[in-house]
Every structure is written in structure tokens, then in C-alpha cells.
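# Report on the structure
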Amino acid sequence: MNYTYRYPHPAVAADCLVFGHADNGETYLLLIQRKNEPYKGQWAFPGGFMNIDETADDAARRELKEETGLSVDKVHQIGVFTTVDRDPRERVLSISFWTDVEGTPEVAGADDAKKAQWFPLSDLPVLAFDHAEILRRALYLKEKGVE
């Protein structure tokens with residue numbers, strides 16, 4: 001289907017926050033190190049642009065699998081993040097999701113992720129884009145028991 005519109009449209013991305021839970025009670029967050037600009041070399045959530053033929057949650061799960069090798073079934077929507085300058089490439093909206101996994105399963109950077117790594121929630125690196133804001137919202141929803 002081809003469309004021609006008079007007005008520009010934003011791109012839509014989907015991000016997936018994965019929380020791993022170790023036996024010692026510590027919580028970890030899965031991050032990828034970006035292979036490309038913008039924010040090349042910085043840490044971010046696995047995510048990327050939604051394909052025209054998929055839902056946002058399908059896009060989040062696909063990007064997670066492509067960038068880390070990790071597959072998950074259920075994801076919970078955190079919200080839609082729309083700050084005008086959140087991505088320097090173009091106007092991008094992010095629909096963000098979170099999920100929990102047992103332990104910290106083996107992951108590896110792939111696709112446009114240079115590296116994938118688990119970080120203790122208590123010792124995170126600086127996050128790219130507006131991912132610190134997204135993380136704050138996810139932690140708030142998790143604390144409140146919202147799914």
C-alpha cells in the first residue's frame with residue numbers, strides 16, 4: 001500500500017526493558033551498546049523501528065531477539081514517549097515495554113548492537129536517548145504493580 005500525505009509523519013520505535021532477577025535478590029537490566037550513531041558506543045535498551053506490518057509489542061520482542069538473542073513472550077507497556085527532540089535523526093515516538101525474566105540468561109550483541117550485557121540496577125551506565133526517563137517510569141509502574 002502506498003500513501004502520499006501532505007503532512008510529515010513521525011517514525012515509531014519500540015523499546016524493551018528486560019529485568020533479570022538473580023538468586024541473591026539483585027535485579028539486573030539488560031542493555032545493548034549501540035554500534036551506530038546516534039549515541040554510538042553508548043548504552044540503551046534493545047529496540048528499534050516498528051515495521052509497517054507488526055504491532056508495537058511484536059516490534060519490541062523482535063528487536064530484543066535481533067539485538068540480544070533473547071526471546072520473551074509477555075511484555076507490559078510502559079507508555080509512549082514523545083519528546084520532540086528525543087532522537088536526533090528524525091521525529092521518533094517510542095512505545096516502550098518491560099518484562100521480567102528469571103536469572104540473567106546468556107545474551108550477545110547482534111544486528112545493530114555492538115554488545116549486550118546485564119547491569120545491576122544499582123550500577124547502571126549513562127543511558128542514551130531519553131532511556132533514563134523511560135526506566136524511571138517502568139520502575140514506578142512495577143512498584144505499583146501495574147501490568
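Our structure is the block above this text.
Let us look at the structure shown here.

Calculation notes
Residues numbered from 1 in each chain as written. Predicted model: local features only at pLDDT ≥ 70, side-chain atom pairs only at ≥ 80, totals over all residues. Heavy atoms only, no water. 1 Å grid on protein atoms, 1.4 Å probe; cavity = no way out; pocket = protein on both sides within 12 Å on 5 of 7 lines; lining within 4 Å. Points joined across faces, edges and corners; volume = space filled by probe spheres on them. Helix = DSSP H or I, 4+ residues; strand = E, 2+ residues; numbered from the N terminus. Nonpolar A, V, L, I, M, F, W, Y, C, P; charged D, E, K, R; others polar. Buried < 20%, exposed > 50% of the residue type's maximum accessible area, 1.4 Å probe, protein only. Pairing = 2+ DSSP bridges. Core = buried A, V, L, I, M, F, W, Y, C linked by side-chain atoms within 4.5 Å. Contact = heavy atoms within 4.5 Å. Salt bridge = Lys/Arg side-chain N within 4 Å of Asp/Glu carboxyl O.

## Some points on the layout of surface pockets
In this structure, the largest pocket spans a volume of roughly 290 Å³. Forming the walls of the largest pocket are 22 residues, and the residues nearest its centre are Arg34, Gly47, Gly48, Arg89 and Phe129. Looking at the lining of the largest pocket, the element that brings in the most residues is strand β4 (residues 47-49), giving three residues. Of the residues that constitute the lining of the largest pocket, the class distribution is seven nonpolar, four polar and 11 charged.

## With respect to the pairing of strand β1 (residues 11-21)
Of all 11 residues making up β1, nine are buried, and the element is well covered by its neighbours. Two elements, β1 and β4, share three bridges in a ladder whose sense is antiparallel. What sits directly across from Ala14, in β4, is Gly48. One ladder, built from two bridges, connects β1 with strand β2 (residues 27-34); its direction is antiparallel. Counterpart to Gly20 in the pairing with β2 is Tyr28. Taken together, β1 and the strand that follows it, β2, pair antiparallel across an intervening segment of five residues, in which Gly25 is found at a positive phi of about 90°.

## What about the nonpolar core?
Residues Val18, Leu30, Leu64, Leu70 and Trp118 are the most contacted members of the largest nonpolar core, which totals 20 residues. Among the secondary structure elements, those contributing two or more residues to this core are β1, β2, α1 (56-68), β6 (92-102) and β7 (113-120). Not counting the four nearest positions on each side in its chain, Val18 is found in contact with Tyr28, Leu29, Leu30, Leu64, Leu70, Thr99, Val101 and Trp118. Listed in part, the 15 residues of the second largest apolar core include Leu17, Phe19, Leu29 and Ala138.

## Side note on the pattern of salt bridges
Where charged atoms from two side chains of opposite charge approach closely, those side chains can pair. Tallying each qualifying case throughout the model produces nine salt bridges. For Arg62, the salt bridge identified is with Glu63, shortest N-O distance 3.1 Å. Comparing Arg62 with Glu63 shows no difference in burial state: the two are buried. Salt bridges sharing common partners tie together Glu54, Arg62, Glu63 and Glu66.

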